[in-house]
Amino acid sequence: MDVSAQLEAQKSKYKSINVEKQVPLQFDLGLLAGFDVNALEENKLKVETDNYLKSYTRDGTQLLINEIFRLPLTSVQDVGVVAELPKIVTAIPREKPLPKPKPPTRWERFAKLKGIKKNKKSRLIYDERRGEWVPRWGYKGTNDDGANEWLNEARHRRNIEEVEIDASQQLNSAQPQLKSKVNAKVLKKTELRRQITMAKTSTASLGKFDKPVKGEPSNTKGAKRKFESNLGDIQKEKEARLSILNKIIDKKGEILNVRKAIAKNNQQN
Amino acid sequence: MLKTIKPKNARTKRILKKREPKVEENVKTAIFIRGSTTSQVVNDALSDLCRLRRSNSINFTKKNNIHPFDDDTSLDFYCAKNDSSLFVIGSHSKKRPHNLVFGRMFDGQVLDMIEVGIEKAITMNEIKTPKCSMGMKPLFIFNGELFETSQVHKTFKNMMLDFYRGQTMESINVSGLEYVISITATGSITSSDSTVPSTFDGKIFFRVYTIQMTKSGQKVPRVELEDMGPNYEFKFRRTKFAKEEVYKIATKIPKTLKPKKVKNVGVNEIGDKVGRIHVGRQDLGKLQTRKMKGLKRMSEDNDRTEDWSRKKRKA
């Protein structure tokens, strides 16, 4: 079966990609450039400049494309056909001179002397338990201390009972050895009340607009100190001061009630 | 003159690091400046040339009193400030109508400049055809033997390649070859000195086309071109070429980028890969060859020879 006729018909359907030139073109494929030294037809240039230039350039570009398709082509996924370009042949000047080699820094000199080499740790590390390469740190890494594991050995902790005893002992030792009438229950209660007040006022509006809880005393604030005016009655002031002095000195030598002082001191500690 | 900036934060440090000389350089930045007086043609030309270069090009809109052939200092300052090494200055005067000066810098100093006059210009907007997506690498076609012989043309060719080549890539997607810049040189050099363009009657045709690839029945497609613009007709005016020594330093390839020579491996005439091995001096008398008993030096005993011949017959 002779298919040459059909092949000819097929070929003639399409336009040719061959171009005839007297002098073959020079190429610099690194720059995607083609250099044509053939003589141009002067009269054609003068008369129908644009059309002649277009057709002439088309020929040159066709040759350039032909040449590009002769380069090693690879088919890259999602991108298409990629041609590997050779290095640039034409000497194009740089914009800045070549960098001068910098003198080694103090550390570099030391490292060279001692033979210290930088050991770069790789991002991935082979985890034998999981049997695959995982990152050394970060997301799904081996550095997470078993936080995501459903079962972990209790490594640094003691028995639960021991821990509980410890906690209660700590609490007891923190409280003062009270000999006075003040007992631990009352102290704890006051402490708790104080903590509640602190927590209440630690919101952004200092607890002013919080919904009040049933049974909670609303006025937990202490009395505000009142001061006398600076520009008050001098006579009254004098009397007040002298009465204080009399109270102290009137006790006939016993300025300090020692018994009361000790009791107060013990209570405070 | 620009004073050297000491980086005070990481951001400025990064910018300075980007600007310092490297072995493999960044893409060159180009600035498009207007002279003290410009015409509409020149303004359009500057903006079109800037558009062709899409990224890494700065179009100055204000007019500046700048005369490149007389005074270098303001030009050096602009280029240093913008970290650019390519420039185009447009101006218009009665003596030099519709003037463009293309130039390059090296190491903060002007390397070379070529002044062209625009004879005819058609802007991109005037040509109502679809434009290619910018940022692609263009193909270049230089027509005319003057680009090989005349120094002006050679320098201009080098400059155009430098201006529009885009980023240096190792491989290119074939479908990304969208447009071609074609520069045609006509005319002949009437004077004997090829560097003097004053008696030069030739023109430079600057054309840009978009490429349409159509089926050709074969692997390589058929190329058709469509006008894209801008289209110019240039005529050379003054030039300033680079000094030999400076150009030599500028085109020096560092050792790291030079292709490595493989020693002792070559290709012979047939095309086979041939390697050469260097063997040291050999003392042929002391060579260890295969031991053949028969070739051993016999003593002066004739009986032995008889035994030998008998042995031989038996075997």
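All figures in this text were calculated on a predicted structure; none of them were measured in a lab.

(A) Looking closely at the overall build of chain B. Secondary structure summary: chain B contains seven helices and 13 strands in total. Put simply, chain B has 315 residues, and 39% of those count as buried. Pairs at least 24 residues apart make up 69% of the contacts formed inside chain B by residues separated by at least 6 positions. Counting only carbon and sulfur atoms, one obtains 51% of the accessible surface of chain B, whose full area is about 19900 Å².

(B) Up close: the pattern of salt bridges. All names here are of chain A. In this structure the tally under the stated criterion is 20 salt bridges over all chains. Linking R241 and E237 is a salt bridge whose minimum nitrogen-to-oxygen distance equals 3.9 Å. Note that R241 and E237 are positioned in helix α7 (residues 234-249) at a spacing of four residues, about one turn of the helix. Judged by relative accessible area, which is 39%, E237 ranks as partly exposed.

(C) Focus on helix α3 (residues 49-68) of chain A. Over its 20 residues, α3(A) runs 28 Å from end to end, which matches the ideal 28 Å to within 8%, given 1.5 Å per residue. With respect to burial, α3(A) is a largely interior element, 14 of its 20 residues being buried.

(D) Structural detail: the environment of B:L139. Residue and element names in this part refer to chain B. Along the polypeptide, L139 turns up in strand β6 (residues 139-143). On the accessibility criterion, L139 (0% relative accessible area) is buried. Along the chain, L139 and R165 lie 26 residues apart, while their C-alpha atoms are 8.4 Å from each other.

(E) Region of interest: the interface of chain A and chain B. Contacts between chain A and chain B engage 51 residues on the former and 68 residues on the latter. Interface area, chain A with chain B, both sides summed: about 5500 Å², of which 64% is carbon and sulfur. As a salt-bridge pair, A:R94 and B:E25 come within 3.5 Å of each other at their nearest N and O atoms. There are 24 residue pairs in polar contact (both at pLDDT 80 or more) connecting chain A and chain B. It is α3(A) that provides the largest number of residues to the side of chain A that touches chain B, a total of 14 residues. Class assignment of the residues belonging to the side of chain A that touches chain B gives a composition of 28 nonpolar, twelve polar and eleven charged. Pairing analysis gives three bridges linking strand β4 (residues 80-84) of chain A to strand β7 (residues 171-173) of chain B, with the strands arranged antiparallel. Within the sheet, the bridge partner assigned to A:E84 lies in β7(B) and is B:S171.

Reading guide: rules and limits
The numbers attached to residues start from 1 for each chain and follow its sequence in the written order. To label them, take the chains in the order written and letter them from A, then take the ligands in the order written and number them from 1. Side-chain atom pairs in this predicted model are given and counted only at pLDDT of 80 or more, local residue features only at pLDDT of at least 70, and totals for whole chains, interfaces and linings cover all residues. To get the side-chain values, all heavy atoms of the structure are used, and hydrogens and water are removed first. The way it works is that DSSP assigns letters per residue, a run of H or I at least four long becomes a helix, a run of E at least two long becomes a strand, and they are numbered from the N terminus. Here's how the labels work: a residue is buried when its accessible area is under 20% of the maximum for its type, exposed when over 50%, partly exposed in between, all with a 1.4 Å probe on protein chains only. Working rule for contacts: check all heavy atoms of both residues, and any pair within 4.5 Å makes them a contact. Each accessible area value is a Shrake-Rupley result obtained with a 1.4 Å probe; residue values ignore everything except the protein chains displayed when judging cover. Salt bridges are identified by distance alone: a Lys or Arg side-chain nitrogen within 4 Å of an Asp or Glu carboxyl oxygen. Expected span, for any helix, means 1.5 Å times one less than how many residues it has. Each of two parts loses accessible area, computed with a 1.4 Å probe, when they are put together; buried area is these two losses added. Polar contacts, as counted here, are pairs of nitrogen or oxygen atoms within 3.5 Å of one another; within protein the pair requires one atom able to donate a hydrogen and one able to accept it, and residues that are adjacent in sequence qualify only if both atoms are side-chain atoms. Ten residues, namely Ala, Val, Leu, Ile, Met, Phe, Trp, Tyr, Cys and Pro, are considered nonpolar, four, namely Asp, Glu, Lys and Arg, are considered charged, and the remaining ones, Gly among them, are considered polar. Being paired, for any two strands, means DSSP has found at least two bridges between them.

Read these as layout, nothing more, since geometry by itself doesn't imply function.
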